[in-house]
Amino acid sequence: MELLFVILFGAAVGVAVHYPLPWRGTHGIALIPAVAAGVAAIVWVALTWLGWAWDGGWIWAVTLILATVVAAVVDLYLGRHRTASDQRRLVALGG
């Protein structure tokens with residue numbers, strides 16, 4: 001049950017990361033929340049396998065902080081890469 005909440009909170013973090021960062025128009029609205037939800041689920045499961053208590057505060061903090069950081073990095077990378085790729089394509093097409 002906690003894993004479901006972690007995935008939902010991860011998606012919410014992804015939505016919160018998506019809007020204030022630049023280049024949000026270069027990718028879909030669901031991509032960054034999906035990345036954050038996936039990272040949150042993977043981190044949560046890894047930490048529970050390592051023996052962290054699922055009802056402790058640290059597992060929640062670490063999971064959501066890592067999901068936020070990874071989502072922000074992915075958002076910034078994809079935005080820069082997509083903008084540069086679009087510019088190269090425009091030049092190649094003679095525009």
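Right above here is the structure, for reference.
What counts and how
Residues numbered from 1 in each chain as written. Predicted model: local features only at pLDDT ≥ 70, side-chain atom pairs only at ≥ 80, totals over all residues. Heavy atoms only, no water. Helix = DSSP H or I, 4+ residues; strand = E, 2+ residues; numbered from the N terminus. Rg over C-alpha atoms; globule rule 2.2 N^0.38 Å. Buried < 20%, exposed > 50% of the residue type's maximum accessible area, 1.4 Å probe, protein only. Contact = heavy atoms within 4.5 Å. Areas by Shrake-Rupley, 256 points an atom, 1.4 Å probe, with all protein chains shown as cover. Lys, Arg positive; Asp, Glu negative; His and termini not counted. Charge placed at Lys NZ, Arg CZ, Asp CG, Glu CD. Axes fitted to C-alpha atoms, helices over the stretch in contact; angles between N-to-C directions. Left-handed = near helix turned anticlockwise from the far one by under 90°. Core = buried A, V, L, I, M, F, W, Y, C linked by side-chain atoms within 4.5 Å.

Enquirer: Give me the lowdown on the overall build of the protein chain, citing residues and values where you can.
Expert: Scanning the protein chain from terminus to terminus reveals three helices and zero strands. If you list the helices and strands of the protein chain from N to C, you get α-α-α. Its C-alpha atoms give the protein chain a radius of gyration of 16 Å, more than 25% over the compact-globule value 12 Å for 95 residues. Expressed along its principal axes, the backbone C-alpha trace of the protein chain runs to roughly 60 × 20 × 15 Å. When each of the 95 residues of the protein chain is scored for burial, the buried share is 26%. Once local pairs closer than 6 in sequence are excluded, the contacts in the protein chain between residues at least 24 apart make up 65%. Accessible surface for the protein chain amounts to roughly 6000 Å². Of this, 73% is attributable to carbon and sulfur atoms. Placing the 5 positive and 4 negative side-chain charges of the protein chain at their respective mean positions leaves the two points 22 Å apart.

Enquirer: Tell me about the packing of helix H1 (residues 2-18) against helix H2 (residues 31-49), and please be specific about residues and values.
Expert: Remark: H1 packs on H2, axes separated minimally by 7 Å, with the N-to-C direction vectors making an angle of 140°. For the crossing formed where H1 meets H2, the hand is right-handed. Listed contacts from H2 to Glu-2, Leu-3, Val-6, Ile-7, Gly-10, Ala-11, Gly-14, Val-15, Val-17 and His-18 of H1 are Ile-32, Pro-33, Ala-36, Ala-37, Ala-40, Ala-41, Trp-44 and Val-45.

Enquirer: Please provide a residue-by-residue account of the environment of Asp-86, values included.
Expert: Residue placement: Asp-86 occurs in helix H3 (residues 57-92). Along the sequence, Asp-86 and Leu-3 sit 83 residues apart, while their C-alpha atoms lie 38 Å from each other.

Enquirer: Give a description of the nonpolar core that names residues and reports values.
Expert: By size, the foremost hydrophobic cluster in this structure holds eight residues: Val-6, Val-39, Ala-40, Val-43, Trp-44, Leu-47, Ile-59 and Ala-67. For this core, the secondary structure elements donating two or more residues are H2 and H3. With five residues, the top contributor of residues to this core is H2. Once residues lying within four places of it in the same chain are set aside, the contact partners of Val-39 are Leu-66, Ala-67 and Val-70. In this structure, Val-13, Val-17, Ala-36 and Ala-71 belong to the second largest nonpolar core, which totals six residues.

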